[in-house]
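Chain and residue survey
Chain by chain, the residues run as shown.
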Amino acid sequence: MRKHYKLVILGGGTGGISTASRILSKKKDLKDDVLIIEPDDYHYFQPAWPLVGSGDEKLDSTWKPMEKVIPKGARWLQAAVKEVDPVKREVTADETLISYDFLIVALGIELNYGAIKGARESLGHNGVCTNYLYNLVEYTYESLKNTKSGNIIVTKPETKIKGGVSAENSLFTMDDFIKQQNRNVDIMFRSGREELFEVKKYNYSLISQMEGKYIDYKLNEELIEVKGEQKQAVFKNTHTGETHTIPFEMLVITPPMHGPSVLKNSGLLDEEGWVDVDKHTMMHKKYTTVFSLGDSSSLPTVKMGAAVRKQLPVLVDNLIERMSDQEPTHKYDGRTACPIATEYGELILAEFGYDRKPKETTFLNQADDKMIFYQFKKNMLPIMYWYALLKGKS
């Protein structure tokens, strides 16, 4: 195998595959000179997993073999990144040392179930669920169908997360399921954050949804322990430090998350553990041959696939400029979109940028839940993902 490539891309997720596709379509001379390093056999469409957990989507429709999404003209090294040296411009993947001219870091985000005492060993048993692991998503729906009384608790951590509104999608659709079945179950939402949503317009809308559906929600409440056999969840108030325990029949965990730990000693991360890039150009603040986008980057927006869709063309155009020894001139404004299902068949579509002001793309009030938005998320978004975004089309 070759030991040097013009462009090396770390990660075969949404950011890695889409950027590879786009730059190969715009710069034909890079054919066979782009290397994607990714250890997994499969590529997953994870935005659908909350709906799988609520019974409105099939898990089998959310994955494809990795080899099917690697773009033509790119090479694939199936290995795990072990070390990156941006000074020498070298990447160690398993036992292979690769050098590069330019690097895109798209390693995604790491799930930290270990930050919650008892969570890892409790998952998949006693109604303890998560929609962030492929092999456990269907257990979420099985648990939902089997919950006839007691509490369903949906959690969201204080940390940054991928799929920024996954918990809310689960919460509202599960609430709808319980009401349709007329079951004596209380739906509860516990978030370690200061507010439900960071854009005022959509925050007010979600408050209205919570209160209108009589959902018991509390903020600044971080899940710190799971007692699976006793079916108890322990929460800590992030302001006072006080802890309290809530019984459950079903617990849906969104775990704390952090940036790529493999880069800890690389000099590429900021103090919070994210790849330290300029928020507009996506070029690294110190190493001008390194770019990053998506979940692993320090870009201060909600980590969503929709954000990658807007980051993608800016990063590629800036990278092409850098390959010609020019300064990057294209700017990303933080634009992202958060589709929040408020029940089966209804959805709020939050769109905004760095200024946290709505930037809606339809003539409708997107803070009001509508059937057309839900149908877009369920039926159109997967098609756009597989056949447009992963092909590098924004």
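Check the entry above for the structure.
Scoring rules and cut-offs
Residues numbered from 1 in each chain as written. Predicted model: local features only at pLDDT ≥ 70, side-chain atom pairs only at ≥ 80, totals over all residues. Heavy atoms only, no water. Helix = DSSP H or I, 4+ residues; strand = E, 2+ residues; numbered from the N terminus. Expected span 1.5 Å × (residues − 1). Bend = angle between axes of the 7 residues up to and from the residue. Buried < 20%, exposed > 50% of the residue type's maximum accessible area, 1.4 Å probe, protein only. Contact = heavy atoms within 4.5 Å. 1 Å grid on protein atoms, 1.4 Å probe; cavity = no way out; pocket = protein on both sides within 12 Å on 5 of 7 lines; lining within 4 Å. Points joined across faces, edges and corners; volume = space filled by probe spheres on them. Nonpolar A, V, L, I, M, F, W, Y, C, P; charged D, E, K, R; others polar. Pairing = 2+ DSSP bridges. Axes fitted to C-alpha atoms, helices over the stretch in contact; angles between N-to-C directions. Right-handed = clockwise from strand over helix to strand, strands pointing away. Patch = residues over 30% accessible without salt bridge, like charges linked within 9 Å, V, L, I, M, F, W, Y side chains within 5 Å. Areas by Shrake-Rupley, 256 points an atom, 1.4 Å probe, with all protein chains shown as cover. Salt bridge = Lys/Arg side-chain N within 4 Å of Asp/Glu carboxyl O.

Considering helix α8 (residues 305-323)
A rise of 1.5 Å per residue sets the reference length of α8, with its 19 residues, at 27 Å; its end C-alpha atoms lie 26 Å apart and thus fit the reference within 8%. Of all the bends in α8, the greatest reaches close to 35° and is centred on Q311; the proline P313 follows between one and four positions later. Within α8, 14 of the 19 residues are buried, which leaves the element mostly enclosed by the surrounding structure. With its phi angle positive at about 60°, D325 sits one or two positions after the end of α8.

Quick notes on the environment of T301
With respect to the helices, strands and loops of the structure, T301 is situated in the loop between β19 (290-292) and α8. Among residues more than four places away in sequence, those in contact with T301 are A307, Q311, Y332, G334, T336, Y354 and R356.

Points about helix α6 (residues 166-180)
Count 3.6 residues to each turn of an α-helix, and residues three or four apart come out pointing the same way. In this model, α6 (15 residues) spans 21 Å end to end at C-alpha, consistent with the 21 Å of a helix rising 1.5 Å per residue. Burial within α6 is extensive, with 13 of its 15 residues counted as buried. Positive phi appears at N182, one or two residues downstream of α6, with a value of about 55°.

Digging into empty space enclosed by the protein
The final tally for this structure, using the stated rule, is five cavities of 30 Å³ or more. Quantified by volume, the largest cavity comes out at close to 50 Å³. Lining the largest cavity are G294, D295, S297, L299, T301, V302, K303, M304, A307, V308 and Q311. A breakdown of the residues in the lining of the largest cavity according to their chemical character gives five nonpolar, four polar and two charged.

Overview of the sheet that holds strand β16 (residues 243-247)
The strand order across the open sheet formed by three strands is β14-β15-β16, and the pairing between neighbours is antiparallel. The open sheet has two edge strands, β14 (221-227) and β16, and neither has a second partner. Within this sheet the neighbouring strands show an average axis-to-axis angle of 30°, counted without direction. Bridging between β14 and strand β15 (residues 232-237) involves six bridges; their strand directions are antiparallel. Bridging across to β15, V226 finds its partner in A233.

Here we look at the pairing of strand β1 (residues 4-10)
Across the seven residues that make up β1, a large majority, five, are buried. In this structure, β1 lies alongside strand β8 (residues 96-105), joined through six bridges in parallel fashion. Bridge assignment links Y5 to a residue of β8, and that residue is Y100. Alignment of β1 against strand β2 (residues 34-37), held across four bridges, turns out to be parallel. Of the residues in β2, the one forming a bridge with V8 is L35. In this fold, β1 hands off to helix α1 (residues 14-26), which returns the chain to β2; that crossover is right-handed.

Looking at a nonpolar patch on the surface
The grouping of F376, M380, I383, M384 and Y387 at the surface amounts to a nonpolar patch, some 470 Å² of accessible area in total. The residue M384 is located in helix α9 (residues 371-387) in this model. Given a relative accessible area of 32%, M384 falls into the partly exposed group.

Focus on the side chain of E168
Positionally, E168 belongs in helix α6. By relative accessible area, which is 1% here, E168 ends up buried. Excluding its chain neighbours within four sequence positions, the residues that come into contact with E168 are K156, F189, L196, I340 and A341.

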